[in-house]
Amino acid sequence: MYASEHPDVDALAGRLNDLMIMKPKPSPYPLIRMGGDRDGAYLIPNDLADIKACFSPGVNNTKNFEDELTTSHGITCHLCDYSSDIKSLETPLIEPMQTFTKKWLDIDDREDSITLDEWVEGQCPDHKDDLLLQMDIEGAEYRNLLACKQSTLSRFRIIVIELHGLDSANNPVEFEHELGPLLRRLDNTHICVHAHPNNCCGEVTIEGSDLVIPRVIELTFLRRDRLIQHQNGSTHQPLLPHPLDLDCNVSERPPLLLEGAWVDERSFASESPAGISTWKKVGLLSKRLDHACLQLQQLKEQNRQLEHTQEKAKQRIDYLEKRLGELDRPIKIYIGLKRLLKPGKRDG
């Protein structure tokens, strides 16, 4: 086999292809929002029947998502986070349907850590049980999901995950270290049915292309066998943005949109619910415009303050130059007198 004449182009194409694993595909189930109306809420396929349990590492003292799963769908939820504890949770544990483990989810074999394999096996040893995974652990998702057994990963019918540091896609070496391998591994058994850009950290353009990706993204995956079971049934086309999406995870920052290669033309159709998605997009664009106008006003104010400072500095310079001019003649007289009065050399 001959090597490509354009290895850099081929490598970029491979990365773009891997990144499009995150592009949502049609789902046999409609999406529902779980977890309220603030950061920590996610869209998942309404395929929750007979799910035995949800595993949620990275609590950060908030469990609205898990509370709704338990109260509305009767799903047991297991939580773990070493940085939190039961007394710090915003809502009390719903016993016996919720458990909390004060450990990090990690692969370092420390006493304060537990691996995903150990945690799942300890709580749900019956491998026939379907599970749900909701993971937001600030970058540790890569090493944990790459290190777990395939049999563990395949038990999760639904995976909701927040991926961090997607700007690594602009570095081929970094991309192949974590992001690329994880996306390919997830794609083997699951398919992405929803994506939502977290606006906390902005976005980046993949060099050499026009693909813009958020630095942090929330993804929902559905196990592929759930699609196979409904091959002849109706499907729900992906909508970006989805009408049920939160506008912003961080209200102080402008919303982000997944556009270009992320979106199929059908997303711009006028029929509901695609039409609703289009109007939501208009609303998000309006919010982005509001943020841009506010930023422009702030820049104008900063510029005004800078001009004021420059004017004061100019006035000070003019004053100093004037004083220097006034002192120029006396200084020259003083220097001349000093030279005249300087004693001559003594005779040897």
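First things first, this report covers the structure right here in the doc.

Parameters and conventions
- Residues numbered from 1 in each chain as written.
- Predicted model: local features only at pLDDT ≥ 70, side-chain atom pairs only at ≥ 80, totals over all residues.
- Heavy atoms only, no water.
- Helix = DSSP H or I, 4+ residues; strand = E, 2+ residues; numbered from the N terminus.
- Rg over C-alpha atoms; globule rule 2.2 N^0.38 Å.
- Buried < 20%, exposed > 50% of the residue type's maximum accessible area, 1.4 Å probe, protein only.
- Contact = heavy atoms within 4.5 Å.
- Areas by Shrake-Rupley, 256 points an atom, 1.4 Å probe, with all protein chains shown as cover.
- Phe/Tyr/Trp six-rings, centres within 6.5 Å; stacked < 30°, edge-to-face > 60°.
- Salt bridge = Lys/Arg side-chain N within 4 Å of Asp/Glu carboxyl O.
- Patch = residues over 30% accessible without salt bridge, like charges linked within 9 Å, V, L, I, M, F, W, Y side chains within 5 Å.
- Core = buried A, V, L, I, M, F, W, Y, C linked by side-chain atoms within 4.5 Å.
- Disulfide = S-S within 2.5 Å.

### As for the overall build of the protein
Counting its regular elements, the protein contains nine helices and 11 strands. Taken against the 2.2 N^0.38 rule, which gives 20 Å for 348 residues, the C-alpha radius of gyration of the protein at 30 Å runs more than 25% over that of a compact globule. Considering only C-alpha atoms, the protein reaches an extent of 115 × 55 × 55 Å along its principal axes. Sorting the 348 residues of the protein into buried and exposed places 42% on the buried side. When contacts within the protein are restricted to residue pairs at least 6 apart in sequence, long-range pairs at least 24 apart make up 70% of them. Entry remark: accessible area of the protein is about 19900 Å², with carbon and sulfur atoms responsible for 53%.

### Remarks on the packing of aromatic side chains
Inspection of every chain in the model, using the stated rule, returns four aromatic pairs. Taking 5.0 Å as the distance between ring centres and 90 degrees as the angle between the ring planes, the aromatic pair formed by Phe55 and Trp119 counts as edge-to-face. Here the residue Phe55 occupies a position in strand S3 (residues 51-57), and Trp119 occupies one in helix H3 (residues 116-123), the gap between them amounting to 64 residues. Here the two residues Phe55 and Trp119 agree in accessibility, since each one is buried. On the numbers, 6.3 Å between centres and 80 degrees between planes, the contact of Phe55 with Phe156 is edge-to-face. Of this pair, Phe55 sits in strand S3 while Phe156 sits in strand S9 (residues 156-163), and the two are 101 residues apart along the sequence. What makes Phe55 buried here is its relative accessible area of 0%. By relative accessible area, which is 0% here, Phe156 ends up buried. Members of the aromatic cluster, each reached through a chain of ring pairs, are Phe55, Trp119 and Phe156.

### Re the side chain of Arg15
Relative to the helices and strands, Arg15 is located in helix H1 (residues 7-19). The residues contacting Arg15, other than those within four sequence positions of it, are Ala169, Asn170, Pro172, Phe175 and Ile206.

### As for the pattern of salt bridges
Summed over all chains, the structure comprises 15 salt bridges. Two residues, Arg143 and Asp106, come together in a salt bridge whose shortest N-O distance is 2.8 Å. Taken together, the residues span a long stretch of sequence, with Arg143 in helix H4 (residues 141-147) and Asp106 in the loop between strand S6 (104-105) and strand S7 (113-114) at a distance of 37 residues. A relative accessible area of 36% means that Arg143 is categorised as partly exposed.

### Focus on a nonpolar patch on the surface
Where nonpolar side chains cluster on the molecular surface, the patch consists of Leu327, Ile331, Tyr334 and Ile335 and spans about 360 Å² of accessible area. Summarising the element assignment, Ile331 is placed in helix H9 (residues 274-341). Judged by its relative accessible area of 39%, Ile331 is partly exposed.

### Considering the nonpolar core
By size, the foremost hydrophobic cluster in this structure holds 47 residues, and its most contacted members are Leu163 and Trp262. Ignoring any residue separated from it by four or fewer positions in sequence, one finds Leu163 in contact with Met22, Glu141, Tyr142, Leu179, Leu182, Leu183, Arg215, Val216, Ile217 and Leu219. One finds Leu31, Phe65, Val193 and Leu227 within the second-largest nonpolar core, a separate group that totals 20 residues.

### Quick notes on the state of the cysteines
By the definition in use, this model includes zero disulfides. A disulfide-free cysteine, Cys54 has its sulfur positioned 4.5 Å from the sulfur of Cys77, the nearest such atom.

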